[in-house]
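Architecture and fold: a report
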Amino acid sequence: MLPKDHRADPKNEDMAARRLVQRVAKNLDRAAFAELFDAFAPRVKTFIIRKGASPDLAEDLVQETMINVWTKAGYYDPAKGSVLTWIFTIARNLRIDRIRRESSRPVSELGDFDPPSDAPASEEILARKDEARSVARALGKIPREQMEILTLSFIDDLPQAEIARRLKLPLGTVKSRMRLAYGHLRKTLEQPN
Amino acid sequence: MNIDHHLDAATLVAYAAGTLGEAFNVVVASHLDWCPACAEDARRAALLGGELIGNLEATPVSKDCRSKTLSMLDTATLHRFPGTPASGGEVPEPLGHLLGGKPLAELPWKRKAPGLALYDLPLSETSGGKLFLMRIAPGTAMPEHGHGGEEITLILSGAYNDKFGRYARGDVADLDESIEHQPIVEPDAACICLVATEAPTRFKSWPARLLQPLIGI
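Criteria and thresholds
The residue numbering used here restarts from 1 in each chain and proceeds along that chain's sequence as written. As they are written, the chains are lettered A onward and the ligands numbered 1 onward, keeping that order. Whole-chain, interface and lining totals are the exception, using all residues; otherwise, since this is a predicted model, local features are given only for residues with pLDDT of at least 70 and side-chain atom pairs are given and counted only at 80 or more. Counting from the N terminus, the helices are the DSSP runs of H or I reaching at least four residues and the strands are the DSSP runs of E reaching at least two. With C-beta atoms placed from the backbone, a residue is labelled by how many other C-beta atoms lie within 10 Å of its own: buried for 20 or more, exposed for 12 or fewer, partly exposed between the two. Once C-beta atoms have been placed from the backbone, residue pairs whose C-beta atoms lie within 7 Å are recorded as contacts. Any two strands with at least two DSSP-identified bridges between them are counted as paired. Fitted lines through C-alpha atoms give the axes, limited to the stretch in contact for helices. The angle between two N-to-C directions lies from 0 to 180 degrees. When an angle is under 35 degrees it counts as roughly parallel; over 145 it counts as roughly antiparallel; between 65 and 115 it counts as roughly perpendicular; any other value is oblique. Two helices that cross are described as forming a left-handed crossing if the nearer one is turned anticlockwise from the farther one by less than a right angle, and a right-handed crossing if clockwise. Residue polarity follows a fixed list, in which Ala, Val, Leu, Ile, Met, Phe, Trp, Tyr, Cys and Pro are nonpolar, Asp, Glu, Lys and Arg are charged, and the others, Gly among them, are polar. Where each domain starts and ends comes from a domain assignment, either automatic or drawn from a database. Per-residue confidence from the predictor is given as pLDDT, running between 0 and 100.

Points about the overall build of chain B
Tallying secondary structure elements over chain B gives six helices and eleven strands in all. Within the span of chain B, comprising 217 residues, buried residues form 41% of the whole. Contacts in chain B between residues at least 24 apart in sequence constitute 70% of all its contacts with a sequence separation of at least 6.

Some details on the sheet that holds strand 9 (residues 184–185) of chain B
All names here are of chain B. Taken in spatial order, the three strands line up as 7-6-9 in an open sheet, and their pairing is antiparallel. Strands with a single pairing partner mark the edges of an open sheet, and in this sheet they are strand 7 (165–168) and strand 9. Looking at chain direction, strand 6 (residues 159–162) and strand 7 are connected through four bridges and run antiparallel. Across the sheet, Y160 pairs through a bridge with Y167, a residue of strand 7.

Some words on the packing of helix 1 (residues 9–17) of chain B against helix 3 (residues 36–54) of chain B
All names here are of chain B. Put simply, helix 1 and helix 3 touch, their axes get as near as 8 Å, and they point 55° apart. One way to sum up the angle between helix 1 and helix 3 is to call them oblique. Note on packing geometry: the crossing formed by helix 1 with helix 3 is right-handed. Every residue of helix 3 that contacts helix 1 at A9, L12, V13, Y15, A16 and A17 is listed here: C38, D41, A42, A45, A46 and G49. Residue classes in the contact of helix 1 with helix 3 are distributed as ten nonpolar, one polar and one charged.

Things to note about the interface of chain A and chain B
Contact with chain A, which involves 62 residues of that partner, is made by 50 residues of chain B. No other element matches the eleven residues that helix 2 (residues 30–50) of chain A contributes to the side of chain A that touches chain B.

Let's talk about the domain arrangement of chain A
As far as domains go, chain A holds domain 1 (1–119) and domain 2 (130–193). The partner domain 2 of chain A presents six residues to the six residues of domain 1 of chain A that form the contact.

Description of the confidence of the model for chain B
Residues and elements named next belong to chain B. When pLDDT is averaged across chain B, the result is 83; 83% of the residues are at 70 or more. Low pLDDT (under 50) marks residues 80–85, which in the prediction has nine contacts with non-local residues, meaning those over four places away or in another chain. Every residue in residues 201–206 scores below 50 in pLDDT, and together they form 21 contacts with partners more than four places removed in sequence or on other chains. What the predictor reports for the complex is a pTM of 0.78 with an ipTM of 0.81.

So, in structure tokens, the structure goes:
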């Protein structure tokens with residue numbers, strides 16, 4: 001069980017997770033994988049249950065997600081984002097595919113078009129280092145109405161039109177709140193710390 | 001490639017959240033393959049999701065699930081990405097994959113009206129959208145039309161002009177449903193676009209509206 005304050009420092013969490021993913025990629029290190037499982041599987045499960053999946057289905061998808069982490073570890077690219085973001089992208093795509101069972105084209109395949117890139121230059125990693133903190137800062141400052149829309153998008157997986165319907169807002173308003181939220185993040189990321 | 005027209009930030013956020021429809025996903029992923037600026041915006045938008053999800057409570061995972069997962073590691077064969085058919089750069093990789101590497105010229109285009117040919121890309125049954133390639137002959141003026149629903153268009157070759165400017169290879173028209181426009185293809189080459197819609201496009205004039213069922217877009 002992770003300590004309650006495991007989110008106290010997202011940057012440190014991510015640096016530790018990157019080392020674990022690297023050990024899995026390079027050495028098929030089972031102990032490193034078990035650590036990743038314990039750190040991320042419980043939040044993956046919450047994420048899947050939020051969408052209304054039964055606990056059984058949720059554990060099924062947790063398992064599938066983590067097996068993907070094992071097999072795709074070599075493709076994880078720190079330049080593109082945190083380990084957390086990567087794992088949840090896998091989970092989300094698997095969840096979407098499960099909903100569209102009959103789909104001839106799994107969404108999870110779309111991500112596979114990202115070619116495994118070379119290790120990013122060290123200055124790029126340095127530039128990304130404070131990103132997690134900036135994102136937290138940006139999110140802490142955006143208005144509640146924008147936060148609501150981000151939560152409905154990222155956590156509840158609702159399309160823009162469905163958010164508009166649920167909040168009884170014009171679609172244009174939902175979109176402009178998304179634009180504002182993203183604009184705010186961009187500004188925060190581009191500000192010198 | 002010089003890209004002047006980009007994706008709406010709201011579309012990128014929805015893409016990062018994984019809530020776009022199947023057809024839109026393909027067009028957005030295709031544009032990102034060609035546009036480093038939008039790819040960077042999409043990456044950043046995904047960070048928002050990472051942060052929100054990171055704050056989720058933990059739900060205990062059963063011992064059974066944990067041990068099953070660990071016991072599968074040996075049999076989980078190392079995933080190899082399927083070799084993407086080389087499209088020679090003619091189209092973005094996500095689209096090239098759907099076309100099985102076939103060059104655009106060799107597709108079984110269906111002529112729908114003078115100067116207009118379409119090629120439908122299959123979507124899953126649950127998808128409410130449409131995804132198709134559109135080839136418009138050099139110099140053709142499309143009827144002025146609005147968009148009953150939403151539409152995203154990626155230019156693959158050739159160019160057209162409308163009141164928003166010139167759209168050429170790599171540019172994307174991420175139009176709001178309220179917008180009306182009349183694209184005119186440049187005279188020197190056909191314009192080939194990848195189009196995703198969420199509802200049938202509605203042409204404005206009567207003859208055009210009559211034409212719509214005929215050309216089926």
